[in-house]
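A closer look at the structure
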Amino acid sequence: MTYCLGIMTRYGLVMASDSRTNAGVDYISTYRKLFDFSQAGDRVIIICVSGNLSITQNVLTGLYKDIKTQADISLYTLPSLYEVSRYIGQKIRQNLEQDSEWLKRDHIDYTCSFLLGGQILGEDPELYLIYSQGNCIHATPETPFLQIGETKYGKPILDRTLSFDTPLEAAAKCALLSIDSTMKSNISVGPPINLVMYYANSFKLKHRLELRLGDPYLAEIRRLWEGSLKKAFEQMPDLNWEYYEDAAIPKQDVLID
């Protein structure tokens, strides 16, 4: 399992991922899940992947191959991010048609999902989630983030903190806290964490980093976040039990045959 997320605000995009693909008592493996296909001055294309590793790697290999061979249709020739998302969806379907029958026979989960974020010259920044079936949805000002993988633990902070007007630096902090919250609750998500931040209309990816296990910034934000949560919890008012006594659920008589 893994966890990836993308955030779209009026100022640009933030995308982040962990790197863990398997975890157990004595076995942990890591693979990079965030990939940069940008062409400075023309397009910024960032892809995050989650799900069956062989399928996602095959899809990425196909994307690289089309670029290398200068195919008529590739990440570098399509004029909109929507068309790029449909093209990636087609690649996913092609690989599933080839391999899903054999994976299903051995009871191997072959599903996968992709996050696609970026901007192509002449278009606004966009963020898409592409499913195993090849169809996609996109982020909107009302729903400015998308997640794939182990999403549930990192969602509450996104719901309570983010809006389309959130500054990019704040969105980047929120993304890291979302991943850290997930790592705290689920061993299947872990570092290194890859993070990129893209300012709209710059057409150049200037901000990118990789945070490894034991990184001092990760340790500091976890310490501060946990301290802030505990302080907020302690400030919550206690329940007024007497006030609610009249509305309490009535005790049921126990019938004994």
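See above for the structure.
Let us look at the structure shown here. Bear in mind the structure is a predicted one, so any value in this text is a computation, not a measurement. (Residues numbered from 1 in each chain as written. Predicted model: local features only at pLDDT ≥ 70, side-chain atom pairs only at ≥ 80, totals over all residues. Heavy atoms only, no water.)

In this section: the environment of Leu129. As for its position among the elements, Leu129 is in strand S8 (residues 126–130). Look past the residues within four positions of Leu129 in its chain and what remains in contact with it is Phe114, Leu115, Asn135, Cys136, Ile137, Leu146, Gln147 and Ile148. (Helix = DSSP H or I, 4+ residues; strand = E, 2+ residues; numbered from the N terminus. Contact = heavy atoms within 4.5 Å.)

Right, let's get into the environment of Ser74. When you line up the elements, Ser74 lands in the loop between helix H1 (53–68) and helix H2 (81–105). For Ser74, a relative accessible area of 2% puts it in the buried group. Along the backbone, Ser74 and Ile7 are 67 residues apart, and their C-alpha atoms lie at a distance of 25 Å. Residue contacts for Ser74: discarding those within four places in its chain leaves Asp66, Ile67 and Tyr87. (Buried < 20%, exposed > 50% of the residue type's maximum accessible area, 1.4 Å probe, protein only.)

Let's shift gears to the nonpolar core. Phe37, Ile47, Leu63, Leu75, Ile88, Phe114 and Leu116 are the most contacted members of the largest nonpolar core, which has 26 residues in total. Secondary-structure elements contributing two or more residues to this core are strand S6 (43–51), H1, H2, strand S7 (112–120) and S8. In terms of residues, this core owes the most to one element, H2, which gives 7 residues. The contact partners of Phe114, leaving out residues within four places of it in the chain, are Ile47, Cys48, Val49, Thr56, Val59, Ile88, Ile92, Tyr128, Leu129, Ile130 and Ile148. (Core = buried A, V, L, I, M, F, W, Y, C linked by side-chain atoms within 4.5 Å.)

Applying the stated criterion across every chain yields a total of 2 aromatic pairs. Between Phe37 and Tyr64 the ring centres are 4.7 Å apart and the planes differ by 35 degrees, which places this aromatic pair in the tilted class. Here Tyr64 lies in helix H1 and Phe37 lies in the loop between strand S5 (34–36) and S6, a separation of 27 residues in the sequence. Look at Phe37 and you get buried, because its relative accessible area is 2%. (Phe/Tyr/Trp six-rings, centres within 6.5 Å; stacked < 30°, edge-to-face > 60°.)

On to empty space enclosed by the protein, then. Counted according to the given criterion, the structure contains 1 cavity of 30 Å³ or more. Empty space within the largest cavity amounts to approximately 30 Å³. Mapped onto the lining of the largest cavity, the elements with two or more residues apiece are strand S2 (12–17), S6, S7 and strand S11 (193–199). Residue contributions to the lining of the largest cavity peak at 3 residues, all from S2. (1 Å grid on protein atoms, 1.4 Å probe; cavity = no way out; pocket = protein on both sides within 12 Å on 5 of 7 lines; lining within 4 Å. Points joined across faces, edges and corners; volume = space filled by probe spheres on them.)

One full turn of an α-helix is made of 3.6 residues, so residues set three or four places apart face in the same direction. Taking 1.5 Å as the rise per residue, H1 with 16 residues should run 22 Å; its terminal C-alpha atoms sit 22 Å apart, in good agreement. Those residues of H1 lying buried are Ile55, Thr56, Val59, Leu60, Gly62, Leu63, Asp66 and Ile67. Take H1 and look down its axis: the buried residues cluster within an arc of 150 degrees, on one side only. Away from its buried face, by an angle of more than 90 degrees, H1 presents the exposed residues Thr61, Lys65 and Lys68. Contact partners of the buried residues in H1: S5, S6, H2 and S7. After H1 finishes, the residue Gln70 shows a positive phi value of roughly 55 degrees. (Expected span 1.5 Å × (residues − 1). Arc of directions from axis to C-beta.)

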